[in-house]
Amino acid sequence: MRLAAALCCCCIAMTTAMQPSTVPLHKLLSTCIDAAGRGCARIRSVQESGATDATLKIEGDAKSALTAADLAAQAAVVGALSKAWPGLTIVGEEDEAALDEDHELDRPLDDALLDWECTTSVDLSKARVFVDPLDGTREFVEGRLDAVQCLVGVAVGDAPVCGAVGLPFPADGGPPRVIYATSRGSVGPSDAPRALKRDSETLLVIAGDGSDAAQAAAVEAFPGADFAVRGAAGNKLKSVAEGEADVAVLHRKTSAWDTCAPSAAILAAGGRVTDYFGAPLSYTGPVGNTLGVIASSKRAAKAHDAA
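Being a predicted model, the structure only gives us computed values, none of them experimental. (Residues numbered from 1 in each chain as written. Predicted model: local features only at pLDDT ≥ 70, side-chain atom pairs only at ≥ 80, totals over all residues. Heavy atoms only, no water.)

### Structural notes on the overall build of the protein
On a plain count of helices and strands, the protein comes out with eight helices and 15 strands. Evaluated residue by residue, the protein yields a buried proportion of 54% over its 307 residues. A sequence separation of at least 24 residues applies to 70% of the contacts in the protein between residues at least 6 apart. Accessible surface, the protein as shown: approximately 12700 Å² in total, 53% of it carbon and sulfur. (Helix = DSSP H or I, 4+ residues; strand = E, 2+ residues; numbered from the N terminus. Buried < 20%, exposed > 50% of the residue type's maximum accessible area, 1.4 Å probe, protein only. Contact = heavy atoms within 4.5 Å. Areas by Shrake-Rupley, 256 points an atom, 1.4 Å probe, with all protein chains shown as cover.)

Laid out in C-alpha cells, this is it:
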C-alpha cells in the first residue's frame with residue numbers, strides 16, 4: 001500500500017531462466033493455494049511467538065508497518081513459487097525478505113490440491129504473480145487478526161486469472177484456510193465465494209478510516225447506501241466476494257498485490273473491480289493503484305456503473 005514512486009522500490013521480480021511451456025491453470029492455482037497456506041503458517045508462528053513489534057517503512061504512516069511475519073511469509077511464499085515455476089515473474093511487497101532456503105523447500109508445492117480440472121492453460125512467460133505476504137499488517141499488530149490475509153494472485157496482461165486468499169486467523173477461530181477462485185468462476189467446491197445476499201435491500205459500502213478526500217468522494221457516489229469501516233484491503237475485497245458487503249472502496253495507496261487475488265474471487269462471483277473512474281485495474285504497468293479501487297458485488301453492478 002504505497003504511492004507509485006515508492007512502490008518501485010518495494011517489489012521483486014523473479015525472472016530466472018525462462019520456462020517457455022504453458023501450464024494448466026488449475027495446477028498453477030493449486031500451487032498458489034499451497035503457497036498461501038505456507039504463508040499463513042508462518043504468520044501464525046510469528047504471532048504465537050509474540051514477536052509482533054512493527055517498524056514503519058514510511059515514517060508516520062501506520063499503513064507502512066512491517067513485522068517479522070511479513071518477511072517470514074514473503075520468504076516462504078516467493079521461495080516456494082520460484083522453485084516450483086522457474087522463470088515465473090513474481091512481484092512481492094517485501095523485497096527485504098531473503099528467499100526461503102530451509103527444509104520447507106525440500107517439499108515441493110502441491111499442484112494436485114484441486115478436485116477439478118479446466119482446459120485453460122497459462123503461458124508462464126506472460127503471467128505475473130502478485131504476492132502480499134501479510135495483508136493487514138496494521139491489523140496484525142493491533143490484534144484484529146480476522147482481517148489478516150496472505151494473498152497470492154495471478155494475472156495475465158491486465159486480467160486477474162486466479163487467486164488464493166489465505167486466512168491465517170479465520171473469524172470462526174478455526175485453523176488457517178484458503179479461499180480460491182479463477183476469474184471465470186471455476187472454484188473449489190468447499191472454498192467457493194459464498195455470494196450471500198444481504199437481508200437488507202440497502203447496499204452496504206465499506207471503506208477504511210482514512211481521510212483521503214478522493215476516497216470520501218467515491219463513497220459518496222453511492223447515495224442512500226449504508227456505510228461501515230473495515231480494515232485491510234484484502235479483507236474489504238473478500239467481504240464483497242462473499243456477499244457480506246456490496247461495495248468496497250479502497251484508497252489510492254493500494255497496489256496490485258493487494259487486489260489481484262481477491263479480485264479473481266469477486267469476478268468469479270459476478271462482481272466488478274475498477275478504479276474510481278470505472279476503468280479496469282492494470283497489472284502490466286506500475287504496481288500502484290493510484291486512481292483508487294471500487295469493487296462491487298453482482299447486485300451492486302448498476303450502482304457501480306452510475307458511481
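### Here we look at the packing of helix H6 (residues 233-241) against helix H7 (residues 256-268)
The description of two packed helices rests on the angle between their axes and on the distance between the axes. Running from N to C, H6 and H7 point in directions that differ by 5°, and their axes come no closer than 9 Å. If you check the angle between H6 and H7, you find them roughly parallel. Only Asp 258, Thr 259, Pro 262, Ala 265 and Ile 266 of H7 make contact with H6, whose side of the interface consists of Ala 233, Gly 234, Leu 237, Lys 238, Val 240 and Ala 241. (Axes fitted to C-alpha atoms, helices over the stretch in contact; angles between N-to-C directions. Parallel < 35°, antiparallel > 145°, perpendicular 65-115°, else oblique.)

### What about the confidence of the model for the protein?
Averaged over the protein, the pLDDT score is 85; the fraction of residues at 70 or greater is 81%. Low confidence marks residues 1-18, where pLDDT is under 50. Its contacts with residues over four positions away, or in another chain, come to 59 contacts. A low-confidence stretch, residues 188-193 (pLDDT under 50), is modelled with 16 contacts involving residues beyond four sequence positions or located in other chains. (pLDDT = per-residue confidence, 0-100.)

### Digging into H7
Taking 1.5 Å per residue as the helical rise, H7 with its 13 residues ought to reach 18 Å, and the 18 Å between its terminal C-alpha atoms agrees with that figure. The sharpest bend along H7 measures roughly 30° and falls at Pro 262. With eleven of 13 residues buried, H7 lies mostly within the body of the structure. Taken together, the buried positions of H7 are occupied by Ala 256, Trp 257, Asp 258, Thr 259, Cys 260, Ala 261, Pro 262, Ser 263, Ala 264, Ala 265 and Ile 266. The positive-phi residue at the C-terminal boundary of H7 is Gly 270, with phi of around 90°. (Expected span 1.5 Å × (residues − 1). Bend = angle between axes of the 7 residues up to and from the residue.)

### Some remarks on the environment of Leu 113
Structurally, the position occupied by Leu 113 is in the loop between strand S5 (89-92) and strand S6 (121-123). For the pair formed by Leu 113 and Ser 30, sequence separation is 83 residues and the distance between their alpha carbons is 5.5 Å. The residues touching Leu 113, leaving out its near neighbours within four places in the chain, are Ser 30, Ile 33 and Asp 34.

### Remarks on the sheet that holds strand S14 (residues 272-274)
In a beta sheet, neighbouring strands are held together by backbone hydrogen bonds and run either parallel or antiparallel to one another. In space, the five strands of this open sheet follow the order S12-S11-S13-S15-S14, with mixed pairing throughout. Both outer strands of the open sheet, strand S12 (226-229) and S14, are each paired with one neighbouring strand and no more. Adjacent strand axes in the sheet meet at a mean angle of 15°, parallel and antiparallel pairs treated alike. Of the strand pairs in this sheet, S14 and strand S15 (residues 293-296) are connected by three bridges, and their pairing is antiparallel. The residue bridging Arg 272 from the neighbouring strand is Ser 296, located in S15. Along the sheet, helix H5 (residues 213-220) makes contact with strand S11 (204-207), S12, strand S13 (247-250) and S15, crossing S13 at roughly 165°. (Pairing = 2+ DSSP bridges.)

### As for the pairing of S13
Of the two faces of S13, both are covered, the one formed by Val 247 and Val 249 as well as the one formed by Ala 248 and Leu 250. As defined by bridge partners, S11 adjoins S13 across three bridges and the pair is classed as parallel. By the bridge assignment for S13, Ile 206 is matched with Ala 248. Of the strand pairs in this sheet, S13 and S15 are connected by four bridges, and their pairing is antiparallel. Paired with Val 249 across the strands is Ile 294, a residue of S15.

### Describing helix H3 (residues 68-84)
An α-helical segment advances 3.6 residues per turn. Residues three or four places apart therefore align on the same side. When the terminal C-alpha atoms of H3 are compared, their 24 Å separation across 17 residues agrees well with the 24 Å that a helix rising 1.5 Å per residue should span. In terms of burial, H3 is largely enclosed, as 13 of its 17 residues are buried. With a side-chain oxygen positioned 3.1 Å from the backbone nitrogen of Ala 69, the residue opening H3 is Thr 67. (Polar contact = N/O pair within 3.5 Å; in protein donor to acceptor, adjacent residues only side chain to side chain.)

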